[in-house]
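# Secondary and tertiary structure notes
What follows is each chain in one-letter form.
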Amino acid sequence: MKNILYIFLLALFVYSCGSTGGKKFPSDRLANEENDTVRIANDSLEYEIIIIEPGFNLFINSYAKPRGYYSQNYLENKNQFLVTEYNQRVQQPTVYNPNLYINQINYDPNIDYGYEVNYLLYNYFVYFSQQYNQRFSVPTRI
């Protein structure tokens, strides 16, 4: 009887040490979200911003400062420097990871894109720098 108890405890231990067996945890679902696309368009000004980044919607809704926290002027100034640095990195694929810096961002500081575009663009840079451990010369903070 004593041996059966030891065998049962050993079997229970081995079973508990097994892999997760392909179970999906909530954090995995959030990390693998496929439909995480943010699109803002204004046809009258003919501009559009599309952010396709898994986890960005969660970030913007949970961690980013609320709309109205920053002034539009503050966001425009930050974005001007961040876009310039980002575009320079896109042009240097041997220095910076070309899988991170894929396309240039067409941002003209002389165009008034409005608050929403500047807010989302700045928060994308905040998310990008945290998610991929990238540092820009202009600090990006939450």
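Structure shown above.
Computed from a predicted model, the values in this text were never measured in an experiment. (Residues numbered from 1 in each chain as written. Predicted model: local features only at pLDDT ≥ 70, side-chain atom pairs only at ≥ 80, totals over all residues. Heavy atoms only, no water.)

### Considering the overall build of the protein chain
Scanning the protein chain from N- to C-terminus turns up five helices and two strands. Taking all 142 residues of the protein chain together, 32% fall into the buried category. Counting only contacts in the protein chain whose residues sit at least 6 apart along the sequence, the fraction spanning at least 24 positions is 60%. Working note: accessible area of the protein chain is about 10100 Å², and carbon and sulfur atoms make up 53% of it. (Helix = DSSP H or I, 4+ residues; strand = E, 2+ residues; numbered from the N terminus. Buried < 20%, exposed > 50% of the residue type's maximum accessible area, 1.4 Å probe, protein only. Contact = heavy atoms within 4.5 Å. Areas by Shrake-Rupley, 256 points an atom, 1.4 Å probe, with all protein chains shown as cover.)

### Observations concerning the pattern of salt bridges
Within this structure, the stated rule accounts for two salt bridges. For Glu 116, the salt bridge is made with Arg 67, and the minimal N-O distance between the two is 2.8 Å. Of this pair, Glu 116 sits in helix H5 (residues 115-131) while Arg 67 sits in the loop between helix H3 (56-62) and helix H4 (72-90), and the two are 49 residues apart along the sequence. (Salt bridge = Lys/Arg side-chain N within 4 Å of Asp/Glu carboxyl O.)

### Concerning unusual backbone geometry
You will see that Asn 133, though not glycine, has its phi angle at about 55 degrees, which is positive. Among the structural elements, Asn 133 can be located in the segment after H5.

### Comments concerning H4
A rise of 1.5 Å per residue sets the reference length of H4, with its 19 residues, at 27 Å; its end C-alpha atoms lie 26 Å apart and thus fit the reference within 8%. Within H4 the residues assigned to the buried category are Leu 75, Lys 78, Asn 79, Leu 82, Val 83, Glu 85, Tyr 86, Asn 87, Arg 89 and Val 90. (Expected span 1.5 Å × (residues − 1).)

### Overview of the side chain of Thr 140
Inspection of the secondary structure puts Thr 140 in the segment after H5. Relative accessible area serves as the criterion here: at 17%, Thr 140 is assigned to the buried category. A polar atom in the side chain of Thr 140 sits 2.8 Å from the side chain of Ser 129. Dropping the residues within four chain positions of it, Thr 140 is found in contact with Leu 82, Tyr 122, Phe 125, Val 126 and Ser 129. (Polar contact = N/O pair within 3.5 Å; in protein donor to acceptor, adjacent residues only side chain to side chain.)

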